Amino acid sequence: MHSKSVKKNKDYYKGKIILLVNSSTASMSDFFAMAIQNSFNCTTLSEQTFGAVMNRMAVPLKDGTSIDTTGFGAFYSDDSSVQRKGLKIDHYIKKNTKNYKYDFYIEEALKLIDHSL
């Protein structure tokens, strides 16, 4: 996926982009990630993102938990929604107790770079 504006901007970044997001990516982060994904050579590496774009509100409950809600949505150029689905992921990864490392996402991105060379 890339923007039709690439045809108008001959000076766009022509290198490869690996976008790292995770399950905490939400609200404005989802929105900005969508813009980055619109780059010509972007690969998104992640687990499922939150899928609540902009206007995120946390409603606190008596037991100390909260309900996250949003009132807006965001759409890709093909009209697919990010709301409640999260971003489109090219390479799905999931951090868990078996593979937990502080730099897990960075290590996975480096593996992807090594395999693409």
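Placed above this text is the structure.
Residues numbered from 1 in each chain as written. Predicted model: local features only at pLDDT ≥ 70, side-chain atom pairs only at ≥ 80, totals over all residues. Heavy atoms only, no water.

*Asks:* Please explain the environment of Asn38 as it appears in this structure.
*Replies:* For Asn38, the location among the structural elements is in the loop between helix 1 (28-37) and strand 2 (42-46). Along the chain, Asn38 and Ser77 lie 39 residues apart, while their C-alpha atoms are 8.9 Å from each other. (Helix = DSSP H or I, 4+ residues; strand = E, 2+ residues; numbered from the N terminus.)

*Asks:* How should I be thinking about unusual backbone geometry in this particular structure?
*Replies:* In terms of backbone geometry, most residues other than glycine have negative phi values and most peptide bonds are trans. We note that Asp79 has phi near 70°; this positive angle belongs to a residue other than glycine. Structurally, Asp79 can be placed in the loop between strand 4 (66-70) and strand 5 (91-92). With relative accessibility at 64%, the residue Asp79 sits in the exposed group. Although it is not a glycine, Arg84 adopts a positive phi angle of roughly 65°. (Buried < 20%, exposed > 50% of the residue type's maximum accessible area, 1.4 Å probe, protein only.)

*Asks:* Would you mind showing me how to read helix 1 here?
*Replies:* For the α-helix, the turn length of 3.6 residues means that residues three or four positions removed from each other point alike. Along helix 1, the residues classified as buried are Asp30, Ala33, Met34 and Gln37. The buried residues of helix 1 all sit within an arc of 105° when viewed along its axis, so they share a single face. The inward-facing, buried residues of helix 1 abut strand 1 (17-20) and strand 2. (Arc of directions from axis to C-beta. Contact = heavy atoms within 4.5 Å.)

*Asks:* In this structure, what is going on with helix 2 (residues 104-116)? I would like to understand it.
*Replies:* Between the first and last C-alpha of helix 2 there are 19 Å, a value that for 13 residues agrees with the 18 Å anticipated at 1.5 Å per step. Of all the residues in helix 2, the buried ones are Phe104, Tyr105, Glu108, Ala109 and Leu112. For helix 2, the angular spread of buried residues about the axis comes to 135°, placing them on one side. For helix 2, the secondary structure elements touched by its buried residues are strand 1, strand 2 and strand 5. (Expected span 1.5 Å × (residues − 1).)

*Asks:* Would you take a moment to explain the packing of aromatic side chains for this structure?
*Replies:* How two aromatic rings sit relative to each other is set out by the distance from centre to centre and by the angle between their planes. Tallied over the entire structure, the rule returns two aromatic pairs. Measuring from centroid to centroid gives 6.3 Å for Phe31 and Phe32, while their planes differ by 65°, and the two rings are edge-to-face. What makes Phe32 exposed here is its relative accessible area of 51%. Plain terms: the ring middles of Phe104 and Tyr105 are 5.7 Å apart, the flat faces sit at 80° to each other, and that makes the pair edge-to-face. Taking relative accessible area as the criterion, Phe104 reaches 6% and is therefore assigned buried. Just above the ring of Tyr76 sits the side chain of Lys88; from NZ or CZ to the centre is 4.5 Å. (Phe/Tyr/Trp six-rings, centres within 6.5 Å; stacked < 30°, edge-to-face > 60°. Lys NZ or Arg CZ within 6 Å of the ring centre and 35° of its normal.)

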